[in-house]
Amino acid sequence: MRIILVGIILVLYFIITLPFFLIFLLIRCFNKKLSTKLSIYFVKYGFKLILLSTGTKNKVIGLENIPKDEPVLFTSNHRSFFDIVMSYAVIPASHNTVFISKKEVKKVPFLAWWMILVNSLFMDRDDTRQSLEVIIQAINVIKKDKFSVFICPEGTRNKEESYFDMLPFKEGSFKIATKSGCAIIPVAISNSSAIFEDHMPWIKPVRTAIHFGKPIYAKDYSREELAHIGANVQKIVQSMLEEDRQYIENKS
């Protein structure tokens, strides 16, 4: 069963990489940025291995749309635990990307350790003040560290029946881009919940797609348009989901 295979790989990964974790933790005491870069590299290839073990055929579209020499804000729909696995595995290594996650993940043993090393930001969705602090931290990550940031503006994992349906994108998420001046990269992840959530506790090999849209710059929008930039980005994500639908539903 693939769930057992994935479980074995996770356990082996944490055991094998433990010495590196300790080394990176030591490096972090002297050079946090270098430690983060090295940790992102390790997590990236660990997630690649996990995705491969699921048997998923993941189609990657639009990597050429990601600017090569500047940090960006990735904004994605969110339906599955595997969304982060898929994203981490395919985002170019040159984009040292910090992910914004819910605070509950900090309670997961081993995983939380690595997430702290890769400089993940943990948001309390029920605490407006703390969420604002995380947004400010993310702006600094882009402006000062020159790292990219990945956020799911729906605010939580969407459990609607169809993966084409989304919760409204929270406009506050886009302050990361409007205040830092970075590009927004819309990200459409198709059918990820079919790997695991649709039939827990089993993992099944399915077709998925991750689609990176063309960069959007806040400076190209009027003040009135910026007030609804989240809704506009959501429409773009929706159109990319529809564009990739034929690949997902092709049974041949």
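For the structure given in this document, a descriptive report is provided here. All of these numbers come straight from a predicted model, not from anything done at the bench.

1. Some words on the overall build of the protein chain
On a plain count of helices and strands, the protein chain comes out with ten helices and eight strands. Relative to the 2.2 N^0.38 estimate, which gives 18 Å for 252 residues, the radius of gyration of the protein chain is 18 Å and therefore close to what a compact globule would have. For the protein chain, the spread of C-alpha atoms along the principal axes amounts to about 55 × 50 × 35 Å. In the protein chain, the share of contacts with a sequence separation of at least 24, taken over all contacts with a separation of at least 6, comes to 75%. For the protein chain, the computed accessible surface area is about 13,100 Å², with 60% contributed by carbon and sulfur atoms. Put simply, the protein chain has 33 plus and 24 minus side-chain charges, and the middle of one group is 7 Å from the middle of the other.

2. Overview of unusual backbone geometry
Cis geometry marks the peptide bond from M200 to P201, where omega comes out at 10 degrees. Residue position: P201 is located in the loop between β6 (183-190) and β7 (207-212). Backbone geometry places K146, a non-glycine residue, at a positive phi of 65 degrees. Mapping K146 onto the fold places it in the loop between α6 (128-143) and β5 (148-151). One non-glycine residue with positive phi stands out, namely N191, at about 70 degrees. Considering the arrangement of structural elements, one finds N191 in the loop between β6 and β7.

3. Here's the deal with the nonpolar core
If you look at the biggest cluster of nonpolar residues, it comprises 37 residues, and the most contacted ones within it are F74, V187 and F212. For this core, the secondary-structure elements that each account for two or more residues are α1 (2-16), α2 (18-28), α3 (32-53), β2 (72-76), α4 (82-90), α5 (111-117), β6 and β7. For this core, the element with the highest residue contribution is α4, accounting for six residues. One finds I100, V149, I229 and M240 within the second-largest nonpolar core, a separate group that totals 29 residues.

4. Points about the pattern of salt bridges
One pass over the full model with this rule turns up four salt bridges. Measuring nitrogen to oxygen at the nearest pair gives 3.4 Å for the salt bridge that ties R245 to E242. Given a relative accessible area of 31%, R245 falls into the partly exposed group. By relative accessible area, which is 38% here, E242 ends up partly exposed. Where E249 meets R245, a salt bridge forms, and the shortest distance between an N and an O atom there is 3.0 Å. Taken together, the positions of E249 and R245, both in helix α10 (residues 245-249) and four residues apart, correspond to about one turn of that helix. Through salt bridges that share partners, E242, R245 and E249 make up one connected network.

5. Section: helix α9 (residues 229-243)
Between its first and last C-alpha atoms α9 spans 21 Å; for 15 residues at 1.5 Å apiece the expected length is 21 Å, and the two agree. By the burial criterion, the buried members of α9 are I229, G230, V233, Q234, V237, M240 and L241. Taken around the axis of α9, the buried residues stretch over an arc of 135 degrees, which confines them to a single face. Counted as exposed and oriented over 90 degrees from the buried face of α9: K235 and E243. The secondary structure elements touched by the buried residues of α9 are β2, β6, β7, β8 (216-217), α8 (223-226) and α10.

6. Looking at the packing of α2 against α3
Two elements in contact, α2 and α3, have axes whose closest approach is 7 Å; the angle formed by their N-to-C orientations is 160 degrees. Between α2 and α3, the angle is such that the two are roughly antiparallel. Side by side, α2 and α3 meet where F20, F24, I27 and R28 of the first sit next to K32, L34, S35, T36, L38, S39 and F42 of the second. Classifying every residue of the contact of α2 with α3 gives six nonpolar, three polar and two charged.

7. Things to note about a positive patch on the surface
Positive charge collects at one region of the surface, where K33, K37, K143, K144 and K146 lie side by side. K146 gets classed as exposed once you look at its relative accessible area, which sits at 55%.

8. Some words on α3
Helix length check: α3, at 22 residues, gives a terminal C-alpha distance of 32 Å against a target of 32 Å (1.5 Å per residue), a fit within 8%. Within α3, burial applies to S35, T36, S39, I40, V43, K44, G46, F47, I50, L51 and S53. Each element contacted by the buried residues of α3 is listed here: α1, α2, β1 (57-61), α4, β3 (97-102) and α5.

What counts and how
Residues numbered from 1 in each chain as written. Predicted model: local features only at pLDDT ≥ 70, side-chain atom pairs only at ≥ 80, totals over all residues. Heavy atoms only, no water. Helix = DSSP H or I, 4+ residues; strand = E, 2+ residues; numbered from the N terminus. Rg over C-alpha atoms; globule rule 2.2 N^0.38 Å. Contact = heavy atoms within 4.5 Å. Areas by Shrake-Rupley, 256 points an atom, 1.4 Å probe, with all protein chains shown as cover. Lys, Arg positive; Asp, Glu negative; His and termini not counted. Charge placed at Lys NZ, Arg CZ, Asp CG, Glu CD. Core = buried A, V, L, I, M, F, W, Y, C linked by side-chain atoms within 4.5 Å. Buried < 20%, exposed > 50% of the residue type's maximum accessible area, 1.4 Å probe, protein only. Salt bridge = Lys/Arg side-chain N within 4 Å of Asp/Glu carboxyl O. Expected span 1.5 Å × (residues − 1). Arc of directions from axis to C-beta. Axes fitted to C-alpha atoms, helices over the stretch in contact; angles between N-to-C directions. Parallel < 35°, antiparallel > 145°, perpendicular 65-115°, else oblique. Nonpolar A, V, L, I, M, F, W, Y, C, P; charged D, E, K, R; others polar. Patch = residues over 30% accessible without salt bridge, like charges linked within 9 Å, V, L, I, M, F, W, Y side chains within 5 Å.

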